[in-house]
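# Analysis of the macromolecular model
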Amino acid sequence: MADGMEQLFWNEKKYSVGCDTIDQQHKQIFGLINQLSTASSEMIDDEMIMAILEELLEYSQEHLRYEEEVMEKCNYADLENHKQQHWQYLEKVSALSVSAMGAEKEATKDIVTFLNKWWGQHILAEDMKYRPAIEKMKGKI
Ligand SMILES: [Fe+2]
């Protein structure tokens, strides 16, 4: 991979949080980040990059909302803290996107670096914490 940028590869064992819908959404997000990563390191026109970025932002926002609903239904104890992490993500990503709107490849690479790191860590460190709550509610949500 050019520029030392890592790609996120879906791995059921590593990333599954115990809810198929959320897993599928995470998988989709990984795919969009990888598309953005490839687009930003190749000679792909800026309009295309912006289209992928917009799709990613919209999709991840919908996903985070869905995940919060699931956590709520499971009576997940640390919901407020988790929601706060989502807000911080959305704030950070929209700030980074504003700089990318100038259609500079460097700015897009900064976003990809941030997204790779954030999603990998967030799923493993934070989303995994609600896994037991989901497992308790299996079949009821
Ligand atoms: Fe989350």
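Now for a quick tour of the structure.

Criteria and thresholds
Residues numbered from 1 in each chain as written. Predicted model: local features only at pLDDT ≥ 70, side-chain atom pairs only at ≥ 80, totals over all residues. Helix = DSSP H or I, 4+ residues; strand = E, 2+ residues; numbered from the N terminus. Expected span 1.5 Å × (residues − 1). Buried ≥ 20, exposed ≤ 12 C-beta atoms within 10 Å, placed from the backbone. Core = buried A, V, L, I, M, F, W, Y, C linked by C-beta atoms within 7 Å. Contact = placed C-beta atoms within 7 Å. Axes fitted to C-alpha atoms, helices over the stretch in contact; angles between N-to-C directions. Parallel < 35°, antiparallel > 145°, perpendicular 65-115°, else oblique. Left-handed = near helix turned anticlockwise from the far one by under 90°.

## Observations regarding the environment of Asp-78
- As for its placement among the helices and strands, Asp-78 is situated in the loop between helix H3 (46-73) and helix H4 (79-100).
- Counting along the chain gives 51 residues from Asp-78 to Lys-129, while the straight-line C-alpha distance between them is 8.7 Å.

## Here we look at helix H2 (residues 20-41)
- The terminal C-alpha atoms of H2 lie 32 Å apart, and with 22 residues this matches the ideal 32 Å at 1.5 Å per residue to within 8%.
- Residues of H2 that are buried include every one of Ile-22, His-26, Ile-29, Phe-30, Ile-33, Asn-34, Leu-36, Ser-37, Ala-39 and Ser-40, and no others.

## A closer look at the nonpolar core
- One finds Ile-33, Leu-36, Ile-49, Ile-52, Leu-53, Leu-56 and Val-112 to be the most contacted residues of the largest nonpolar core, which totals 14 residues.
- Elements represented by at least two residues in this core include exactly H2, H3 and helix H5 (105-137).
- Residues within four places of Leu-36 in sequence aside, it is in contact with Ile-49, Ile-52, Leu-53, Leu-56, Thr-108 and Val-112.
- Of all hydrophobic cores here, the second largest spans nine residues; its members include Val-17, Cys-19, Tyr-76 and Ile-123.

## Looking at the packing of H2 against H3
- Viewed as axis vectors pointing N to C, H2 and H3 meet at an angle of 160°, and their least axial separation amounts to 10 Å. By the angle between their axes, H2 is roughly antiparallel relative to H3. Every pair of crossing elements has a handedness; the one defined by H2 and H3 is left-handed. In this structure, H2 contributes Ile-22, Gln-25, Gln-28, Ile-29, Leu-32, Ile-33, Gln-35, Leu-36, Ala-39 and Ser-40 to the contact, and H3 contributes Met-48, Ile-49, Ile-52, Leu-53, Glu-55, Leu-56, Tyr-59, Ser-60, His-63, Tyr-66, Glu-67 and Val-70.

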